[in-house]
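Now for the letters of each chain:
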Amino acid sequence: MSQHRRQDEILELLRQQGFVSIDELVQLFNVTPQTIRRDLNQLADANKIRRHHGGAALESSTVNTAYATRKILNHGEKERIAQCLAAQIPDGASVFINIGTTTETVAHALLQHRDLRIVTNNIHVASILSAKEDFSVIIAGGEVRSRDGGIVGEATRDFIHQFRMDYGIIGISGIDEDGSLLDFDYREVRIAQSIIQNSKQVFLAADHSKFGRSAMVRLGNLSQVHTLVTDQPPPKHIQQLLALHQVELIVADH
């Protein structure tokens, strides 16, 4: 099979299932992992797909990757980020946590804490943290998104505005070159903005794949957060923006 045809078939497979692993493609096309990596790198360079550790997903600025796929993408990196971020939160603190698979991983890491008070618009986060008897978990009202358990809408935003918390922990879909924080759902963005406004200190949890990723709704800017926790050193221009706005950078390496 020619390289061009193989790459066309990879794109068609991605349209059908959203994410493919290198191992899956190796078996399907009976070629070496190096050949598949070369195909994926070429497709990524042409901005047709997004490369991930162990595979690839379709690129889109209007539709996010499916929740089930995001749960497994860069999972090890998210766990390192979560452990580093959780270490910054003291026992007895009050915390906002928003929608996202990274913030859900942070929720798991917070289970080692004591006496936390949590407000969230994420059903999965509420379920994870309500397992601790010494935690107080308040879940926002609003419309539940069936695809990922996020709670959104004007009622949710109004609810968030009733609180003033020690910490806000937010995830994001993309970080543009100018430091813009990007997401896909305008309603979700409004709630994240409320969390930023009503938190004394804001943590942004974002793995390396978020740098340069496109999404159509602007949430805010890196200058609005106090600490960025990621798994790899960001691109140089992002590091310069962090330094300019005195945003702390924590890199959760191996």
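Further up the page is the structure itself.
Now for a quick tour of the structure. (Residues numbered from 1 in each chain as written. Predicted model: local features only at pLDDT ≥ 70, side-chain atom pairs only at ≥ 80, totals over all residues. Heavy atoms only, no water.)

## Focus: the overall build of the chain
Working step 1: Secondary structure summary: the chain contains 10 helices and 15 strands in total.
Working step 2: Computed over C-alpha atoms, the radius of gyration of the chain comes to 19 Å, within 12% of the 18 Å expected from 2.2 N^0.38 for 254 residues, which places it in the range of a compact globule.
Working step 3: Expressed along its principal axes, the backbone C-alpha trace of the chain runs to roughly 60 × 40 × 35 Å.
Working step 4: Contacts spanning at least 24 positions in sequence make up 61% of the contacts within the chain whose residues lie at least 6 apart.
Working step 5: Carbon and sulfur atoms provide 47% of the accessible area of the chain, an area that totals close to 11800 Å². (Helix = DSSP H or I, 4+ residues; strand = E, 2+ residues; numbered from the N terminus. Rg over C-alpha atoms; globule rule 2.2 N^0.38 Å. Contact = heavy atoms within 4.5 Å. Areas by Shrake-Rupley, 256 points an atom, 1.4 Å probe, with all protein chains shown as cover.)

## Quick word on the pattern of salt bridges
Working step 1: Following the criterion strictly, the structure yields 12 salt bridges and no others.
Working step 2: As a salt-bridge pair, E143 and R187 come within 3.0 Å of each other at their nearest N and O atoms. One end of the pair, E143, is in strand β7 (residues 143-144); the other, R187, is in helix α9 (residues 186-197), and 44 residues separate them in sequence.
Working step 3: Owing to a relative accessible area of 46%, E143 belongs among the partly exposed residues under this scheme. (Salt bridge = Lys/Arg side-chain N within 4 Å of Asp/Glu carboxyl O. Buried < 20%, exposed > 50% of the residue type's maximum accessible area, 1.4 Å probe, protein only.)

## A few points about the packing of aromatic side chains
Working step 1: Scanning the model with the defined rule gives 2 aromatic pairs in all.
Working step 2: Taking 5.9 Å as the distance between ring centres and 40 degrees as the angle between the ring planes, the aromatic pair formed by Y167 and F203 counts as tilted. Residue Y167 is located in strand β9 (residues 165-171), and its partner F203 is located in strand β12 (residues 199-205); the two are separated by 36 residues in the primary sequence. The pair Y167 / F203 is uniform in exposure class, with both members buried. (Phe/Tyr/Trp six-rings, centres within 6.5 Å; stacked < 30°, edge-to-face > 60°.)

## What about helix α10 (residues 236-244)?
In an α-helix there are 3.6 residues to a turn, and that puts residues three or four apart on one side.
Working step 1: Taken residue by residue, α10 has I238, L241 and L242 as its buried positions. On an axial view of α10, the arc spanned by its buried residues comes to 100 degrees, and they lie on one face. Of the residues in α10, the exposed ones pointing more than 90 degrees away from the buried face are K236, Q240, A243 and L244.
Working step 2: Those residues of α10 that are buried lie in contact with β10 (174-175), β14 (227-230) and β15 (248-251). (Arc of directions from axis to C-beta.)

## Focus on unusual backbone geometry
Trans is the common state for peptide bonds, and a negative phi is the common state for residues other than glycine.
Working step 1: Not every positive phi belongs to a glycine, and D115 is a case in point at roughly 60 degrees.
Working step 2: Of the residues examined, D115 reaches a relative accessible area of 44% and is grouped as partly exposed.
Working step 3: The phi torsion at Q246 lies on the positive side, around 55 degrees, for a residue other than glycine.
Working step 4: Residue Q246 is classed as exposed on the basis of its relative accessible area of 74%.

## Some details on the side chain of T230
Working step 1: Looking at the secondary structure, you find T230 in strand β14.
Working step 2: On the basis of relative accessibility, which here comes to 0%, the residue T230 falls in the buried class.
Working step 3: In this structure the side chain of T230 is engaged in a polar contact, spanning 2.7 Å, whose partner is the backbone oxygen of A206.
Working step 4: Apart from the residues lying within four places of it in its own chain, the contact partners of T230 are I81, A206, D207, H208, F211, L249, I250, V251 and A252. (Polar contact = N/O pair within 3.5 Å; in protein donor to acceptor, adjacent residues only side chain to side chain.)

## Remarks on the pairing of β12
Two faces, one strand: in a regular strand the side chains alternate between the faces of the sheet.
Working step 1: A large share of β12 lies buried, amounting to 5 of its 7 residues.
Working step 2: By the bridge criterion, 6 bridges tie β9 to β12 in an arrangement that is parallel. Counted as the bridge partner of Y167 is Q201 from β12.
Working step 3: Relative to β14, β12 runs parallel, the two sharing 3 bridges. The partner of L204 across the bridge, within β14, is L228. (Pairing = 2+ DSSP bridges.)

## What to know about the packing of helix α5 (residues 75-86) against helix α6 (residues 101-109)
Working step 1: Packing of α5 against α6 leaves a shortest axis separation of 8 Å and a crossing angle of 55 degrees. Taken together, the axes of α5 and α6 lie oblique to each other. By crossing handedness, the relation of α5 to α6 is classed as right-handed. Facing K78, E79, I81, A82, Q83, L85 and A86 of α5, the residues of α6 in contact are T101, T102, T105, V106 and A109. (Axes fitted to C-alpha atoms, helices over the stretch in contact; angles between N-to-C directions. Parallel < 35°, antiparallel > 145°, perpendicular 65-115°, else oblique. Left-handed = near helix turned anticlockwise from the far one by under 90°.)

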